[in-house]
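Chains, contacts and geometry: an overview
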Amino acid sequence: MPSRTLQIPTADGRADAFVAFPDGGGRHPGVLMYADGFGIRPALREMARELAAHGYYVVVPNLFYRHGPAPLIEIPEYIGAEVWPSVIAQVMPMIQAHTTERVLSDANAYLAFLAARPEVGAGPVAVTGYCIGGLLATRTAAAHPRVAALAAFHAPVEAAGPNSFSKLTAEVHFGHAEGDLTPEALRELNDSLDTAGARYTSEIYPGTVHGFTMADTDAFNPAALQLHWDRLLPLLARTLPKS
C-alpha cells in the first residue's frame, strides 16, 4: 500500500501529513482522517493503510503542526495506564490551543489539498475522526457541503452543538464508548440530531471505554474496532462513488 509524508500549505504555515492510497494508479475518493490527541503514530498509519486498501485516498494531518512536525512528543509504543496521565498532560495544552477558528481554517486547507491531488477523484469526500479528531471531523463536515460522509468514534461530538448539527449535509455515523456516554445522554444527543434533520446513526458500542479503536492503548477493544469498520466502510461505499 503506497504511503508517504507530504506537506499541506495552510494559512499559518505547512502541516505535515501522512497519506495512504491504493496501489496501481487511478483516482480514488478522498478521506480526511483526524487522529486522536496522541497524533500520527504507527497505530494511526496502520488504520489509514487499512482504509486505503478499500479504495480510498486517505490523508491524516498533524493537527498540531503549529507546534512542530510530528511526533511532537515522545509516544511510547504502548500507551498503558502507567504512562497515560503524563502523555495526556503533554498533549492537553496543544488541544486547548486548537481553537474552532484554527480547526476551520485548517479544514479549508486539508480539503483544498485533497481537491488538488491527482490521485483523488472530483466527487465528494468523507471525514472521519477519533477522540478529539471526531469533534474536528464534525465541525469540518458542518462547514463543507462537499463532505458526503462523517464518522466519529469515541468523540465528544456533543460539543459541536445544535448549530453545527443543523448545517450537516453529510450522512453521519457516531460510535460512542460506553464509558463516555450514558443512555440518557445518547438520547439527548440523538434528539438534537433529529431536530437538526440529520441523516445519521448514533450508538453506544457495548463494553467499550474511551479510545476503544486504538490498538496501542489499554482502551483497545478488538470487537469494537471491527464494529467500527463494519459501520464505516458501508457508509463510505454508499456516499463516495468510485470511478
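Refer to the preceding data block for the structure.
Attention here is on the structure that accompanies the text.

Cut-offs used in this document
Starting from 1, residues in each chain are numbered consecutively following that chain's sequence as written. In view of the model being predicted, local features appear only for residues whose pLDDT reaches at least 70, and side-chain atom pairs are presented and counted only at 80 or more, with totals across whole chains, interfaces and linings using the full set of residues. Each side-chain value is worked out from all heavy atoms of the structure, with water and hydrogens disregarded. When two rings of Phe, Tyr or Trp (its six-membered ring) have centres within 6.5 Å they constitute a pair, described as stacked for plane angles under 30 degrees, edge-to-face for angles over 60, and tilted for the intermediate range. Numbering of helices and strands runs from the N terminus; a helix is a DSSP stretch of H or I covering at least four residues, while a strand is a stretch of E covering at least two. Here the term buried applies to any residue with accessible area under 20% of the maximum for its type, exposed to any over 50%, and partly exposed to those in between, with areas from a 1.4 Å probe on protein chains only. Cation placement over rings: the criterion is NZ of Lys or CZ of Arg within 6 Å of the ring centroid and within 35° of the ring normal. Being paired, for any two strands, means DSSP has found at least two bridges between them. Comment: axis = line fitted to C-alpha atoms, over the contacting stretch for helices; angle = value between 0 and 180 degrees taken between N-to-C directions. Contact criterion: two residues are considered in contact whenever any of their non-hydrogen atoms come within 4.5 Å of each other. Each angle is binned into one of four classes, with values under 35 degrees roughly parallel, values over 145 roughly antiparallel, values of 65 to 115 roughly perpendicular, and all other values oblique. Crossing handedness is read from the near helix: turned anticlockwise from the far helix by less than a right angle, it gives a left-handed crossing, and turned clockwise, a right-handed one. Gly falls in the polar group here, along with every residue not listed as nonpolar (Ala, Val, Leu, Ile, Met, Phe, Trp, Tyr, Cys, Pro) or charged (Asp, Glu, Lys, Arg).

According to the stated counting rule, one finds seven aromatic pairs in the structure shown. With 5.6 Å between their ring centres and 20 degrees between their planes, Tyr130 and Phe153 make a pair best called stacked. Of the two residues, Tyr130 is situated in strand β5 (residues 125-130) and Phe153 in strand β6 (residues 147-153); the sequence distance between them amounts to 23 residues. The residues Tyr130 and Phe153 share a single accessibility class, namely buried. One aromatic cluster is present, formed by Tyr130, Phe153, Tyr205 and Phe212 through successive ring pairs. The cationic tip of Arg45 hangs over the ring face of Phe18; the distance from NZ or CZ to the ring centre is 5.8 Å. Lying over the aromatic face of Tyr56, Lys242 brings its terminal NZ or CZ to 4.5 Å of the ring centre.

This part is about the sheet that holds strand β7 (residues 171-177). Read from one edge to the other, the open sheet built from eight strands follows the order β1-β2-β4-β3-β5-β6-β7-β8, with strand pairing classed as mixed. Across the chains shown, the open sheet's two edge strands, defined by having one partner strand only, are β1 (3-10) and β8 (199-205). Sheet twist, expressed as the average angle between the axes of neighbouring strands with direction ignored, equals 20 degrees. Bridging between strand β2 (residues 13-20) and strand β4 (residues 57-61) involves four bridges; their strand directions are antiparallel. In the sheet register, Ala17 faces β4, and the bridge partner there is Pro61. Contacts between helix α1 (residues 42-52) and the sheet are confined to β1, β2, β3 (30-34), β4 and β5, with β2 contributing the most and set at about 60 degrees to the helix. Here helix α4 (residues 132-143) sits on the sheet and contacts β3, β5, β6 and β7; the angle it forms with β5, its principal contact strand, is near 155 degrees.

Take the packing of α1 against helix α7 (residues 222-239) next. Where α1 meets α7, the closest approach of the two axes is 12 Å, and the angle between their N-to-C directions is 40 degrees. In this view, α1 runs oblique relative to α7, as classed from their interaxial angle. Between α1 and α7 lies a crossing of right-handed hand. Taken together, the residues of α7 that come into contact with α1 (itself represented by Met47, Glu50 and Leu51) are Leu225, His228, Trp229, Leu232, Leu233 and Leu236. By residue class, the composition of the contact of α1 with α7 is seven nonpolar, one polar and one charged.

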